[in-house]
Amino acid sequence: MRILALETDIEKIKCRFTCDSSEAEILTTRYHGFSLLFSSIREIFMTIFVFFIGVGAWYLNMPMGMTVSILFGIWFFFVFFNLMKAWIDWCFDFIFVTTDRVILVDQTSIIKQKITPLHMENIASVTYETQFWDVFKFGIVDIRLKEGSGDEHRVLRYVPNSKEVATKISDVVTRYQRKPVEALQQQQPQESQPAPATPQL
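Keep in mind that what you see is a predicted model, and the values were worked out from it rather than measured.

A. Structural view of the packing of aromatic side chains. Evaluated as defined, the whole model comprises 17 aromatic pairs. Measuring from ring centre to ring centre gives 5.9 Å for Trp 75 and Phe 80, while their planes differ by 50°; the resulting arrangement is tilted. Their ring planes at 45° and their centres at 5.5 Å tell us that Phe 138 and Tyr 158 sit as a pair that is tilted. Of this pair, Phe 138 sits in strand S8 (residues 138–145) while Tyr 158 is found in strand S9 (residues 153–160), placing the two residues 20 residues apart along the sequence.

So, in structure tokens, the structure goes:
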């Protein structure tokens, strides 16, 4: 389903790159739930703070109807929208790897969608780094680009099984960049073969 710029069906986004081309899907991965947790810490504490203000107002016998309305309005305008944005950002963002590209999908709200394809020929290296001592099995994937390809690298945090993801991307990059060399090597022996001798009568 599409809501303004937000596409909730990730298969439709993937189909833009694979349905009408020779590209094949290698892997798709979302971000770990800790990404949502850490991006919402401020809102969680603000929710707890507003709740305790309501408890204090009840303890002081203040008019609860007006108090609840005011606190709910404050929470709705200053907390709810940020929580919704963080949830959309976590739920509908993903990394999509094909045989030709690494595609970073970033959907932060219903009015903003950013899709960044990184072509395999522009990728210099892929590394990974653990987060939180690798207790929760997610980490950082760092995609470094060649000079002249825009930003030098993309840092992707909270990637589940980051070691396996980085290894898979690196393998695809290596295979892609070897194709022209292998094709050239196959042509050279054919060109070096002598022409067959013409039989003499």
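B. Quick peek at helix H1 (residues 10–18). Residues Ile 10, Ile 13, Lys 14, Phe 17 and Thr 18 constitute the buried set of H1. On an axial view of H1, the arc spanned by its buried residues comes to 125°, and they lie on one face. Of the surrounding elements, those touching the buried residues of H1 are strand S2 (6–7), strand S3 (25–30), strand S4 (94–98), strand S5 (101–109) and strand S6 (112–119). Between the side-chain oxygen at the start of H1 and the backbone nitrogen of Glu 11 there is a gap of 3.1 Å, and the oxygen is on Asp 9.

C. Here's a closer look at the sheet that holds S3. The strand order S3-S4-S5-S6 describes an open sheet built from four strands, whose pairing is antiparallel. Either end of the sheet is taken by a strand with one partner, and the two such strands are S3 and S6. Averaged over neighbouring strand pairs, the angle between their axes works out to 15° when direction is ignored. With eight bridges connecting them, S5 and S6 associate as antiparallel partners. Directly across from Val 102, in S6, lies its bridge partner Leu 118. Taken strand by strand, H1 contacts S3, S4, S5 and S6, and its axis lies near 30° from that of S4. On the sheet, helix H4 (residues 64–91) packs against S3 and S5 and is oriented at approximately 160° with respect to S5.

Reading guide: rules and limits
Residues numbered from 1 in each chain as written. Predicted model: local features only at pLDDT ≥ 70, side-chain atom pairs only at ≥ 80, totals over all residues. Heavy atoms only, no water. Phe/Tyr/Trp six-rings, centres within 6.5 Å; stacked < 30°, edge-to-face > 60°. Helix = DSSP H or I, 4+ residues; strand = E, 2+ residues; numbered from the N terminus. Buried < 20%, exposed > 50% of the residue type's maximum accessible area, 1.4 Å probe, protein only. Arc of directions from axis to C-beta. Contact = heavy atoms within 4.5 Å. Polar contact = N/O pair within 3.5 Å; in protein donor to acceptor, adjacent residues only side chain to side chain. Pairing = 2+ DSSP bridges. Axes fitted to C-alpha atoms, helices over the stretch in contact; angles between N-to-C directions.

Scope: geometric values only; no functional claims are made or implied.
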